[in-house]
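A look at the structure
So the chains spell out like this:
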Amino acid sequence: EQYHTSADGFTIPIINTDNDYTSLQIEIWDNDGMIVREEQVAHFDTYAVCRLTGLDSATQYTLRATNGKSSACKEVVTDFEGIGTQQFPHIVNRTEQLRALAFLVNNGEQYTTHHFNQDCDLDLACDSLHPWVPIGAYGMSFRGVYDGKNHKLTNLYVDDHYQYAGFFGLIGADGGIVNVSFLGENEVNAPHSMYSGGIVGYQKYYSTLLSQCFFHGKVSGGYAVGGLFGYAKAPIVKCGAVVQFSGGEKRGGIAGIADNNSSNDGIGRCYSVAIPTDGKPVAGIANPKDGWTLYFPFQKVDSYYQSGDLVTNEISNHMYPKTEEEMKSKDFVKLLLPPWCADSQENPINEGYPVFKYSSGHEVFTRNYEILDDDKVMLYGTYFGTGEKIKSKGIEYRLSYDTSSSYISIEDTSGLITGMAVPLDVLKDVYYLYRAYVEPANSDTRIYGEEKTLYVPKEDGGGIMVDIPEIPADECPETNDVYTISGLRIGSGFDTRTLKPGVYVVNRKKVVVR
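In what follows, the accompanying structure is described. Predicted model, so just to flag it, every value in this text is computed and none were measured.

This paragraph deals with the sheet that holds strand 9 (residues 115-118). The parallel open sheet is built from 7 strands, whose spatial order is 8-9-11-16-21-25-29. Each having just a single partner strand, strand 8 (90-92) and strand 29 (267-268) make up the two edges of the open sheet. Of the pairings in the sheet, the one linking strand 25 (residues 236-237) to strand 29 comprises 2 bridges and is parallel in character. For isoleucine 236, the partnering residue across the bridge sits in strand 29 and is isoleucine 267.

Rendered as structure tokens:
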């Protein structure tokens, strides 16, 4: 029968239809086919209410009950831990939790005004044999707020079984999707779906927000097909897509249909690379709802799409075409403004197009250094993680003037839990570069903090040195604003000074202020 779920288990009534068999055995199986719990009820006549605890939260199980003659099975899912407020959100750090969320929402739990925060990168591990079940279906909408917290999602595959196809199927009132990004090879393969999008199939209320989302992959559908959203009524802000399209009648790089015709709503600071693979046109950004002739972008902020023979502009104002070369340039990133940043040239994750600054699960900070004596300094760093284990942490350094030199690693042995304190012998009057690093246990790639400059003068100045790098002239903003540096420590004293436009020397570094 219907059961009541909680974070550590569930309560379920079981009916015995054969009174000749009055014993009951209950087994709980996980998704790997392993029995994780067994219970025995010695005297079971007609009806029993079983309370099973000690299970993982937000996890799907299979319950099997048998009376010795016949048996019955039922899929059950435990609830999320926490109260789900903005201050104390539900934490998502396992793919199984997302599958549990889909199961619970699609069975009627809307999570109205609940907040979910993603705590690390997640691989959905989907393919055509193991497709994703969208979160939210017809009549069963998700009404919470899902915040990806700038962590990446990968390997989404949605097949052709849903009216609303996407990572989320249906978003209801009060629902919101922010900071959700899919990178790599992802696909929504739903040629008969009415509404399909990489992130959301259908979102139908003004009262929500779709912000800072990104999708890279393929999307197909039957009617409204969007790189991010099949149908969207809420404002769409700071979103992007690099998507191959097939199928559909109303299709757009950001949204198949954008039904947000208001001076305060709309689309702003977005970009799309929409690539039709079936020879049919696609709107660069979105199609307005049928019957609307005016469209006011979000706060009158521009959006951009990559030009092409089959890419059209269905919304004329504040939507502008750009070439591939322009969209991969640093000037385009400046045009979009933060949080957009340039893709890595050495190891691109988005074909060279702008990306967000994605969280790695660990935040690493390079701290200032301390001069210990004439030829020794102590280098400091700090990191914050999500509980994921690390292989090593430490500091890397190299000579500043020799651009061909490689970084030398010094592993931290200080015993600090979340910090690094690494001693280093140095030469006087020589500039070094250094940066803190962390190497996660499940990766061979290091995560680095900001690169800083190390310098010990010929005469020991003592104290903590502050690095103010030279600003290349071509990157200086054309402005007469005054720049303020607060808490600047030179030698043994603190100072606050205002720098007007001009050229200065601070800590033996030239500073250009325009």
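All chains considered together, the criterion is met by 14 salt bridges. For lysine 376, the salt bridge identified is with aspartate 425, shortest N-O distance 2.7 Å. Of this pair, lysine 376 sits in strand 40 (residues 376-384) while aspartate 425 is found in strand 43 (residues 419-425), placing the two residues 49 residues apart along the sequence. For lysine 376, a relative accessible area of 27% puts it in the partly exposed group. In this structure aspartate 425 comes out as exposed when scored by relative accessible area, which is 53%. For the salt bridge of lysine 391 with glutamate 439, the shortest nitrogen-to-oxygen distance reads 3.6 Å. With a gap of 48 residues between them, lysine 391 in strand 41 (residues 390-399) and glutamate 439 in strand 44 (residues 431-440) connect regions that are remote in the sequence.

What follows deals with the pairing of strand 20 (residues 200-203). Bridge count between strand 15 (residues 168-171) and strand 20: 3 bridges; the pairing is parallel. Bridge pairing in strand 20 links phenylalanine 168 to valine 200. By the bridge criterion, 3 bridges tie strand 20 to strand 24 (residues 229-232) in an arrangement that is parallel. Across the sheet, residue valine 200 finds its bridge partner in strand 24, namely phenylalanine 229.

We now examine the pairing of strand 44. Strand 44 sits mainly inside the fold: 9 of its 10 residues count as buried. Here strand 41 runs beside strand 44; their pairing, made up of 9 bridges, is antiparallel. When the sheet's bridge partners are listed, glutamate 396 is paired in strand 44 with arginine 435. Of the strand pairs in this sheet, strand 44 and strand 46 (residues 452-455) are connected by 4 bridges, and their pairing is antiparallel. Pairing of tyrosine 434 across the sheet is with lysine 452, part of strand 46.

It is worth spelling out helix 1 (residues 95-106) at this point. Because an α-helix packs 3.6 residues into every turn, residues spaced three or four apart end up facing the same way. Its 12 residues place the ends of helix 1 17 Å apart at the C-alpha level, agreeing with the 16 Å of an ideal helix rising 1.5 Å per residue. With 10 of 12 residues buried, helix 1 lies mostly within the body of the structure. Looking at helix 1, one finds that the buried residues are Thr95, Gln97, Leu98, Ala100, Leu101, Ala102, Phe103, Leu104, Val105 and Asn106. Following helix 1 by one or two positions, glycine 108 has its phi on the positive side, about 110 degrees.

To continue, consider the nonpolar core. Nonpolar side chains tend to gather and get buried jointly when the protein is soluble and globular. Ranked by internal contacts, the top residues of the largest apolar core, which has 76 residues, are Phe142, Phe167, Ile177, Ile199, Phe229 and Ile236. It is helix 1 that contributes the most residues to this core, 7 residues altogether. If near-sequence neighbours (up to four positions away) are discounted, isoleucine 177 is found in contact with Tyr146, Phe168, Ile171, Ile199, Val200, Leu209, Leu210, Ser211 and Cys213. Counting residues in hydrophobic clusters, the runner-up holds 21 residues, among them Tyr369, Val426, Tyr455 and Val456.

Quick notes on the rules
- Residues numbered from 1 in each chain as written.
- Predicted model: local features only at pLDDT ≥ 70, side-chain atom pairs only at ≥ 80, totals over all residues.
- Heavy atoms only, no water.
- Pairing = 2+ DSSP bridges.
- Helix = DSSP H or I, 4+ residues; strand = E, 2+ residues; numbered from the N terminus.
- Salt bridge = Lys/Arg side-chain N within 4 Å of Asp/Glu carboxyl O.
- Buried < 20%, exposed > 50% of the residue type's maximum accessible area, 1.4 Å probe, protein only.
- Expected span 1.5 Å × (residues − 1).
- Core = buried A, V, L, I, M, F, W, Y, C linked by side-chain atoms within 4.5 Å.
- Contact = heavy atoms within 4.5 Å.

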